Structure formats: C-alpha cells, structure tokens
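Secondary and tertiary structure notes
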Amino acid sequence: MTERNDESRRFHGDPARLRAPDRVARLEPERVAALSTEGAAVGSVLDVGTGTGLFAEAFAAAGARVTGVDVNAGLLELARAHVPEGRFVEASAEALPFEDGSFDLVFLRHVLHEVDDPSRALREAARTARARVVVVEWPFREEEHGPPLAHRMRPETIGSLAKSAGLADGKRVTLPYVVLHRFKTR
C-alpha cells in the first residue's frame, strides 16, 4: 500500500478532550478491554497509539502489564501520569521497537485510519503479538463524533489488511460508537 503521509488525520487538538467524560462513555474502555481479551490468557498488552493512556489504563485495571506507544511525546507524558505502572515509548505503529512475539495482545485503537501505512502497521502488530491483535476503529458512516467519513476505514479493508499481515480468524464486534476487530496470530 502506498504511504498516505496525511498529517491532517493525526490528533492535534486539546489532550483534555481525549478524556472528556462524554467521549470516554462513547469509547467504553473497560468493555472494549474485556472484549479484546475475551477467551485468551492475556498477561501483556501493547497499546499502539496510546494517546493519554485511556485504554492502557483499562487493560492495567484488568491486570495486564501494559506498554504504550505513540508518536506524540506530550500525550505519552499524560499516559504516564494516568498509568504509572505502565511503560510508555515514543514510536510509530509502522516501526515498533520490540522483539517478535513480545506481547500477548497488540491493541490498535483508532490508529489505522491515522497512520501513513496501515498495512505496515498491521504487519508490525502481527510481528510483535504472540496470540492476538485487536483493531478498534470508527464505524464506516458519517457521524457527529470522530473523523470524517473520508478518513474512516471500511471493515472489509481492515479484514483484508489483517489477512495480508498474516493474521487469521477475524471476529468483528460492533458497538454503538466503535467496531472491534479481533484477530489471531498464525
């Protein structure tokens, strides 16, 4: 896939907005974390595009060892404040600085529509995951919240990218404001 290199898709707003109560309620971090780990022994999670650590916090509360990565150093400082037991590293989704199979679960929430190369990001997720990769994206529809439709990804596109990355057995769970795609590593 060709690199998109579209900075407009990345978050540049007020970090406090990322943890606004109405937004957190729509994203359902505890429910998403539970669905992400359902049916699997998950001791370690890599939260790619962690932002302020909202989902890292949910995984940590569920008992997982959490590592978060993000390209935004300022957001990582906020993540460290919210999840002091976590480890946070500045890195892109397309170049994860970890060994193969380092994490039970690699979690990408609202990342694929923002990265320059979604295919490479999923290959990196598959490489660093021992058992499972979870992708959470916005539904493919116009909505008041989230990015415009032109920046959203069709579920079929996510499935195709995952298959190309060597991931298998995709399960899709549609929630009111997000769609969760759960894949197994091969």
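Residues numbered from 1 in each chain as written. Predicted model: local features only at pLDDT ≥ 70, side-chain atom pairs only at ≥ 80, totals over all residues. Heavy atoms only, no water.

For the coordinates displayed, the defined rule picks out 3 aromatic pairs. Here Phe-55 and Phe-107 contribute two aromatic rings whose centre-to-centre distance is 5.4 Å and whose plane-to-plane angle is 35°, an arrangement assigned as tilted. Note that Phe-55 is positioned in helix 3 (residues 54-61) and Phe-107 in strand 4 (residues 103-109), a separation of 52 residues in sequence. Its relative accessible area of 0% is what places Phe-55 among the buried residues. Among the residues examined, Phe-107 registers a relative accessible area of 0% and is labelled buried. Here a set of aromatic residues connected by ring pairs shows up, and it is made of Phe-55, Phe-59 and Phe-107. (Phe/Tyr/Trp six-rings, centres within 6.5 Å; stacked < 30°, edge-to-face > 60°. Helix = DSSP H or I, 4+ residues; strand = E, 2+ residues; numbered from the N terminus. Buried < 20%, exposed > 50% of the residue type's maximum accessible area, 1.4 Å probe, protein only.)

Let us now look at unusual backbone geometry. In this structure, Glu-28 is a non-glycine residue whose phi angle is positive, near 50°. Looking at where Glu-28 falls in the secondary structure, it is placed in the loop between helix 1 (21-27) and helix 2 (29-37).

Tracing the sequence through the fold places Asp-117 in the loop between strand 4 and helix 5 (118-128). Buried within the structure, Asp-117 lacks any salt-bridge partner; Arg-123 is the closest side chain of opposite charge, at an N-O distance of 4.8 Å. At 3.1 Å, the side chain of Asp-117 and the backbone nitrogen of Arg-120 are in polar contact. (Lys, Arg positive; Asp, Glu negative; His and termini not counted. Salt bridge = Lys/Arg side-chain N within 4 Å of Asp/Glu carboxyl O. Polar contact = N/O pair within 3.5 Å; in protein donor to acceptor, adjacent residues only side chain to side chain.)

Sheet strands pair via backbone hydrogen bonds, and the direction of the pair is either parallel or antiparallel. Taken in spatial order, the 7 strands make up an open sheet running 3-2-1-4-5-7-6, and their pairing is mixed. Sheet topology places strand 3 (87-90) and strand 6 (168-174) at the edges, where each strand pairs with a single neighbour. Across the sheet, the mean angle from the axis of one strand to that of its neighbour is 20°, orientation sign disregarded. Two elements, strand 1 (residues 44-48) and strand 4, share 4 bridges in a ladder whose sense is parallel. Across the sheet, residue Asp-47 finds its bridge partner in strand 4, namely Phe-107. Contacts from helix 3 reach strand 1, strand 2 (65-70), strand 3 and strand 4 within the one sheet, and its direction differs from that of strand 4 by about 145°. Along the sheet, helix 5 makes contact with strand 1, strand 4 and strand 5 (129-137), crossing strand 5 at roughly 145°. (Pairing = 2+ DSSP bridges. Axes fitted to C-alpha atoms, helices over the stretch in contact; angles between N-to-C directions. Contact = heavy atoms within 4.5 Å.)

Glancing now at the environment of Glu-85. Of note, Glu-85 is situated in the loop between helix 4 (73-82) and strand 3. Judged by relative accessible area, Glu-85 falls into the exposed class, the value being 58%. Distance from Glu-85 to Arg-31, taken between C-alpha atoms, is 21 Å for residues 54 residues apart in sequence.

Bridge analysis of strand 2 against strand 3 gives 4 bridges, and the strand direction is parallel. Bridging from a neighbouring strand, Gly-68 pairs with Phe-88 of strand 3. Once you follow strand 2 into helix 4 and on to strand 3, the crossover reads as right-handed. (Right-handed = clockwise from strand over helix to strand, strands pointing away.)

Ranked by internal contacts, the top residues of the largest apolar core, which has 28 residues, are Val-48, Val-106, Leu-108, Leu-122 and Val-133. Secondary structure elements with two or more residues in this core: strand 1, strand 4, helix 5, strand 5 and helix 6 (155-164). Element by element, the count of residues in this core is highest for helix 5, at 4 residues. In this structure, Val-106 is in contact with Leu-46, Val-48, Ala-125, Thr-128, Ala-129, Arg-132, Val-133 and Val-134, ignoring residues within four places of it in sequence. In terms of nonpolar packing, the next biggest core, distinct from the first, is built from 27 residues, Leu-27, Ala-56, Ala-60 and Val-66 among them. (Core = buried A, V, L, I, M, F, W, Y, C linked by side-chain atoms within 4.5 Å.)

Before going further, it helps to examine the confidence of the model for the protein chain. With 93% of its residues at a pLDDT of 70 or more, the protein chain shows a mean pLDDT of 92. Under a pLDDT of 50 for its full length, residues 1-9 has, in the predicted model, 24 contacts with residues more than four places off or in other chains. (pLDDT = per-residue confidence, 0-100.)

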